[in-house]
Amino acid sequence: MSGMSPHPSALTIAKESMAMSRDSGCRVFQTVAMVSMVAMALASLTSAGHVLLRDLNKRYESERDQGRGR
């Protein structure tokens, strides 16, 4: 864990857990890494979906204001 920043990201923690599981053979570290990676993937998908939905809503509102509708 040398060289880690004072506030590591979740991805850094997941990578470190995977390295620890490989070194020690302990399944707990591997489980922590997998759970962290799944949580990050879900958060990324949610964030991307939110941005897309916001853009679609803006587009719909501008079309509605121009009288075209969907």
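The paragraphs below set out a description of the structure included in this document. Everything numeric here is computed off the predicted structure, so don't read it as measured data.

What counts as what
- Residues numbered from 1 in each chain as written.
- Predicted model: local features only at pLDDT ≥ 70, side-chain atom pairs only at ≥ 80, totals over all residues.
- Heavy atoms only, no water.
- Helix = DSSP H or I, 4+ residues; strand = E, 2+ residues; numbered from the N terminus.
- Buried < 20%, exposed > 50% of the residue type's maximum accessible area, 1.4 Å probe, protein only.
- Areas by Shrake-Rupley, 256 points an atom, 1.4 Å probe, with all protein chains shown as cover.
- Patch = residues over 30% accessible without salt bridge, like charges linked within 9 Å, V, L, I, M, F, W, Y side chains within 5 Å.
- Salt bridge = Lys/Arg side-chain N within 4 Å of Asp/Glu carboxyl O.
- Axes fitted to C-alpha atoms, helices over the stretch in contact; angles between N-to-C directions.
- Parallel < 35°, antiparallel > 145°, perpendicular 65-115°, else oblique.
- Left-handed = near helix turned anticlockwise from the far one by under 90°.
- Contact = heavy atoms within 4.5 Å.
- Expected span 1.5 Å × (residues − 1).
- Arc of directions from axis to C-beta.

What follows covers the overall build of the protein chain. Along the backbone of the protein chain there are two helices and zero strands. Burial status across the protein chain gives 10% buried among its 70 residues. Total accessible area on the protein chain stands at roughly 5,700 Å², and carbon and sulfur atoms take up 60% of it.

Before going further, it helps to examine a nonpolar patch on the surface. Residues Val38, Leu42 and Leu45 make up a contiguous nonpolar surface patch of about 310 Å² in total accessible area. Of note, Leu42 is situated in helix α2 (residues 27-65).

Going through the model one piece at a time under the given rule, you end up with one salt bridge. The residue Arg59 makes a salt bridge to Glu63 at a minimum N-O spacing of 3.6 Å. Highlighted residues: Arg59 and Glu63, both in helix α2, separated by four residues, approximately one helical turn. Here Glu63 falls in the buried class, since its relative accessible area comes to 17%.

Once that is clear, we can look at the packing of helix α1 (residues 10-24) against α2. With their axes 7 Å apart at the nearest point, α1 and α2 run at an angle of 155 degrees to one another. The angle between α1 and α2 falls in the class roughly antiparallel. Here α1 runs over α2; the crossing is left-handed. Mapping the contact onto sequence places Ala10, Leu11, Ala14, Ser17, Met18, Met20, Ser21 and Ser24 in α1 and Phe29, Gln30, Val32, Ala33, Met34, Ser36, Met37 and Met40 in α2.

Once that is clear, we can look at α1. With 15 residues, α1 extends 21 Å from end C-alpha to end C-alpha; this agrees with the ideal 21 Å at 1.5 Å per step. Listing the buried residues of α1 in full gives Ala14, Ser17, Met18 and Ser21. The buried residues of α1 occupy an angular sector of 100 degrees when projected down its axis, which confines them to one face. Opposite the packed face of α1, turned more than 90 degrees from it, sit the exposed residues Lys15 and Asp23. In this structure, the buried residues of α1 make contact with α2.

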